[in-house]
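This is what each chain is made of:
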Amino acid sequence: MSEEFGSVQGKALCARPSPGVGDRPLLSLAGVSKSFPGVRALHDVSLSLYPGQVTALIGENGAGKSTLVKILTGIHQPDRGVLAIDGRAVSLPSAHAALERGITAIHQETVLFEELSVAENIFLGHAPRRFGIIDWRRMRRQAREALDILGARHLKPDMRLKDLNIANRHLVAVARAMAVDARIVIMDEPTAALSQNEIDELFLLIQFLKETGRAVLFISHKFEEIFRVADRYSVFRDGEMVGEGLIRTASQDEIVRMMVGRSIDNIYPAREASIGRPVLTVEDLCHPTEFEGISFELHEGEILGFYGLVGAGRSELMHAIFGMTRASRGAMTLDGAPFVPKSAAAAVGAGVVYVPEERGRQGAILAMPIVKNMSLPSLARVTSAGVLRVAEEFRLAGHFAERLGLRAASLSQAVGTLSGGNQQKVVIGKWLATNPKVIILDEPTKGIDIGSKAAVHGFMAELVAQGLCVIMVSSELPEILGMSDRVAVMREGRIVALRDRREVDAVALVELATGRVRQ
């Protein structure tokens, strides 16, 4: 896409002069506050977005970022405060009103409709009409024009969204913003599920938005992305704006101190590994399409990190170990006995649990309260003669909520209303309640803030100190090097290296994962 993007972008910019960067905010908030029952989400918040600039919104999970985005997009109404566009106070009573004012959002999981076509998604709610009837020919033509501006010639207006990958869905979302002539574009964790090449292409799109005078609000937990793409920053903590400025004058340490209210010199806890006996042994495990010849041992008190590029087969291997899929060949032992899980329930019963990468879809029932999610795998512990002991259920959930530092109004709060980091703590807590021998953590800190990462890492260190075995799948090199005792590198469905973490550095891991040989 990149070559097409560059050439078409140039034509688009020639056809439409760039408004340029100004000192006057395109959008501003002043004194905005919002509360929910038992929770003060925002208090006296101010924020300015400028044309032709990217403003990074930074903060821990629960800092108020999501509430702010919902106010900007008309989903929530502020209790007090002023929102202004071009210096004039406006109200946004609905999402449609926000769209009419030129505000659109592109989320981590694109809020589009899978069964509709690309063109229908681009023009949803504002389709061109003729004599009161949707003008389908004109809609397809205008969709084609919007896609061409972005260099997305490989996308066709009649394609179904469900047939597109996440990167192309983001393209459709940006095309939607172009079609409604959005002036303010909010990007909420847009890179969470993208490969590095797709991230690079997304940043080209952001540059295009800047050069055509849009104001971009960019929300990310990844500092390398923030310092690469942002012009300004605004830091939220506990529902308040605690710092802002130009990104070129800021340092990561300074921003972290604003985020958490304290200095975090190292988010990876110092620990002395005490590696014991082998607990899980995997020998020549194979799957017809995903992986082949996988062999390793996992020891008591060890964190074994799995690193590799997208598509290397790491998650698919974990699914087989957890009994979600069946291997075609190979053997496993757990505590010296044959381990052949025919289902996830069988794996849990044997003492192996799995915290999936997609916590919202696979790890928790979002509509259910925290207490029910926490107790679900351990119902035998909280029932007597088939009757649920509610007090014991709350005691169990409360114990792990406290150990993990869960932030919630109560244990009766629905998991879906929690921040991403707190959702992850619920998923980890529910499996720890089963007293496992082995816990598999697949991208355990994906999409969560630095403070929550520190909490998860600290708890991992506590678990292995107690003798638990941890397999950690991660795409973050600092996390792999900071937390693993040994690192298994996968490429194209095989383990190509299994090294002590002291024997490798970031460059070596990337070279092993990509198949490059150091010169």
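Just so it is clear, the structure is predicted and the values come from calculations on it, not from any experiment.

Criteria and cut-off values
- Residues numbered from 1 in each chain as written.
- Predicted model: local features only at pLDDT ≥ 70, side-chain atom pairs only at ≥ 80, totals over all residues.
- Heavy atoms only, no water.
- Core = buried A, V, L, I, M, F, W, Y, C linked by side-chain atoms within 4.5 Å.
- Buried < 20%, exposed > 50% of the residue type's maximum accessible area, 1.4 Å probe, protein only.
- Contact = heavy atoms within 4.5 Å.
- Pairing = 2+ DSSP bridges.
- Helix = DSSP H or I, 4+ residues; strand = E, 2+ residues; numbered from the N terminus.
- Axes fitted to C-alpha atoms, helices over the stretch in contact; angles between N-to-C directions.

S.K.: Would you explain the nonpolar core in this entry?
M.R.: Generally speaking, nonpolar side chains in soluble globular proteins are found buried as a group. Membership of the largest hydrophobic core comes to 76 residues, with the highest contact counts inside it found for Phe296, Phe306, Leu317 and Ile321. Aside from chain neighbours lying at most four places away, what touches isoleucine 321 is Leu280, Phe296, Met332, Phe339, Pro341, Val352 and Ile440. Of all hydrophobic cores here, the second largest spans 53 residues; its members include Ala143, Ala152, Val172 and Ala230.

S.K.: Please explain the sheet that holds strand E3 (residues 54-59) as it appears in this structure.
M.R.: As summarised here, the arrangement of the six strands in space is E6-E9-E10-E3-E11-E12, forming an open sheet in which the pairing is mixed. At either margin of the open sheet sits one strand with a lone partner, and together these are strand E6 (103-106) and strand E12 (240-246). Sheet twist, expressed as the average angle between the axes of neighbouring strands with direction ignored, equals 20 degrees. Sitting on the sheet, helix H2 (residues 65-72) is in contact with E3, E6, strand E9 (184-188), strand E10 (215-219) and strand E11 (232-237), with an inclination near 140 degrees to E3. Sheet strands in contact with helix H6 (residues 166-179) are E6 and E9, and its direction is about 180 degrees off that of E6.

S.K.: Help me understand the pairing of E11, please; the structure alone is not making it clear to me.
M.R.: A regular strand places its side chains on the two faces of the sheet in alternate fashion. For E3 and E11, the ladder comprises five bridges, and the chain directions are parallel. Bridged to glycine 59 within E11 is phenylalanine 236. In terms of strand pairing, E11 meets E12 through six bridges, oriented antiparallel. Following the sheet pairing, arginine 232 is matched in E12 by leucine 246. Connecting E11 to the antiparallel partner E12 that follows it, the hairpin turn spans two residues, and aspartate 238 within it adopts a positive phi of roughly 50 degrees.

S.K.: So what exactly am I meant to see when it comes to the sheet that holds strand E13 (residues 278-286) here?
M.R.: Backbone-to-backbone hydrogen bonds pair the strands of a sheet. The strands run either parallel or antiparallel. A sheet is described by the order of its strands in space; here four strands give the open sequence E14-E13-E16-E17, paired in antiparallel fashion. Because the sheet does not close on itself, it has two edges, and the strands there are strand E14 (294-299) and strand E17 (337-338). Inspection of the sheet shows E13 paired to strand E16 (residues 329-334) by five bridges, in the antiparallel sense. For threonine 281, the partnering residue across the bridge sits in E16 and is threonine 333.

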